[in-house]
Amino acid sequence: MHRRSLISGLAMTAPMTAAPALAEASPDSYEAAVQQIWRPLAPAGGLRELVRAGTLAANSHNTQPWRFALAPDRITIRPDFSRRCPAVDPDDHHLFASLGCAVENMVQAAPICGFQAHPTLDPAASQGAGLALERRQPAGNPLAEALMRRQSTRSDYDGQTLSSAELDQLARAGSLAKVECRLVTEPARMTAILDYVVQGNSAQMRDPAFMAELISWLRFNDRMALERLDGLSTRSSGRPALPAWLARRLLPWVMTEASENDSYARQIRSSAGIAVFVAPSNDPAGWIAAGRACQRFALQATALDLRLAFINQPVEVPSLRAQFAAFLGLGERRPDLVVRFGRGPTLPPSLRRPIDAVIDPA
Ligand SMILES: Cc1cc2nc3c(=O)[nH]c(=O)nc-3n(C[C@H](O)[C@H](O)[C@H](O)COP(=O)(O)O)c2cc1C
């Protein structure tokens, strides 16, 4: 069982599809929440709809660490440091990468909502990013259509390879804003990366601070998930729920270092390849760029009906990160994000807080 899908149950549930827009009432079931959260983009929805697209991006531990400010021709996205994860992400690298994922979703959603979006960053980007918006006729965009189906799918894939045309499309999508997207598909090199993932997972599972932080973001059942609308829910791993008190007690028995490492081995061996994203600079601007590139890669993968999941242990554990950079021949550059990809079934989507919870009052 994956550490980030821990105690998330035992049986697969049917994938859920997006439905027409519903009012933002509090949903009373996970299925209703998914229908409301992942409904199609409304072309007339304006800036708030772009913000909604942003909130649907991948983000570390599903903490949703962002705040949005709206102006007539601009959206600003700022870090929400109250949602930082100091154990796994002490320098806020993942937090800023998550902002980059949201920026890319908004860029891709903009044509559907009648805008062209130009991302802007101040040189250090420590305050986040902006989107300058120009009005346009609403237009289709295949990557925006993939936005509502993208997910982090932490399951086994089918073990098949991809065509070179598919790999080219993925590599192009992931090479954005001067970020290098390196694809690894040779079995021997994938096995070498698996070894880094296993070493990283073992180090993290032996670290009480990492485990305490991870557990604080686990949502063990639908009630918990619906109350918080954030964190790592049981459903998005396709497994039934447990009462929180029972889940916490069972944790040390069901989530062992060995069982987690076995899962990673199976999952990586069933994948068609691994992508590593390397930003041009090791600072918030570079981390945002890495997030944008990774999110565009994910949207392109989804458009090709592929799945993907993050396997970031080699870049999260500092001592391993340097070895991993050397393995990749990166010199002084920092490897930012690592994902595996391939074909496989979908799982139920994760939840998000409503946009009123993340938009600054006017
Ligand atoms: C910067 C970043 C780091 C992440 N690291 C991991 C990871 O190491 N392992 C993992 O399983 N998921 C990881 N995720 C995926 C998030 O947990 C996931 O995006 C979030 O739970 C929302 O789910 P969704 O992507 O299915 O919408 C990461 C996402 C981001 C943006």
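Residues numbered from 1 in each chain as written. Predicted model: local features only at pLDDT ≥ 70, side-chain atom pairs only at ≥ 80, totals over all residues. Heavy atoms only, no water.

Among the nonpolar cores identified, the biggest contains 49 residues, and Phe 68, Ile 75, Ile 77 and Leu 351 are the most heavily contacted of them. For this core, the element with the highest residue contribution is helix H3 (residues 93-109), accounting for 8 residues. Those residues within four positions of Ile 77 in sequence are excluded, and the remaining contacts are Trp 66, Arg 67, Phe 68, Leu 99, Ala 102, Val 103, Met 106, Gln 127, Gly 128 and Ala 129. Formed by 24 residues, the second largest nonpolar core is a distinct cluster that contains Phe 277, Ala 279, Cys 294 and Leu 306. (Core = buried A, V, L, I, M, F, W, Y, C linked by side-chain atoms within 4.5 Å. Buried < 20%, exposed > 50% of the residue type's maximum accessible area, 1.4 Å probe, protein only. Helix = DSSP H or I, 4+ residues; strand = E, 2+ residues; numbered from the N terminus. Contact = heavy atoms within 4.5 Å.)

Considering all chains together, one arrives at 21 salt bridges under this definition. Close ionic contact of Arg 83 with Asp 230 constitutes a salt bridge, the shortest N to O distance being 3.0 Å. Of this pair, Arg 83 sits in the loop between strand E2 (74-79) and H3 while Asp 230 is found in the loop between helix H8 (222-228) and strand E7 (232-233), placing the two residues 147 residues apart along the sequence. Asp 230 sits in the buried class, given a relative accessible area of 3%. Look at the salt bridges and you will find they share partners, linking Glu 31, Asp 222 and Arg 235 into a network. (Salt bridge = Lys/Arg side-chain N within 4 Å of Asp/Glu carboxyl O.)

Turning our eyes to something else, we now look at helix H13 (residues 318-328). Structurally, the α-helix is built with 3.6 residues per turn, so residues lying three or four positions apart point the same way. Among all positions of H13, only Leu 320, Arg 321, Phe 324, Ala 325 and Leu 328 are buried. Seen along its axis, H13 keeps its buried residues to an arc of 140°; they face one direction. Exposed residues lying more than 90 degrees from the buried face of H13 are Ser 319, Ala 322 and Ala 326. For H13, the secondary structure elements touched by its buried residues are strand E5 (180-184), helix H6 (187-205), strand E8 (273-278), helix H12 (313-316) and strand E10 (335-342). Residue Gly 329 follows H13 closely and has a positive phi angle near 70°. (Arc of directions from axis to C-beta.)

Buried within helix H7 (residues 208-216) are the following residues: Phe 210, Met 211, Glu 213, Leu 214 and Ile 215. Contact partners of the buried residues in H7: H6, strand E6 (218-219), E7 and helix H9 (244-254).

Side chains of Leu 250, Trp 253 and Val 254 sit close together on the surface and give an oily, nonpolar patch of about 310 Å² of accessible area. By the element assignment, Leu 250 lies in helix H9. The exposure class assigned to Leu 250 is partly exposed, which follows from its relative accessible area of 30%. (Patch = residues over 30% accessible without salt bridge, like charges linked within 9 Å, V, L, I, M, F, W, Y side chains within 5 Å. Areas by Shrake-Rupley, 256 points an atom, 1.4 Å probe, with all protein chains shown as cover.)

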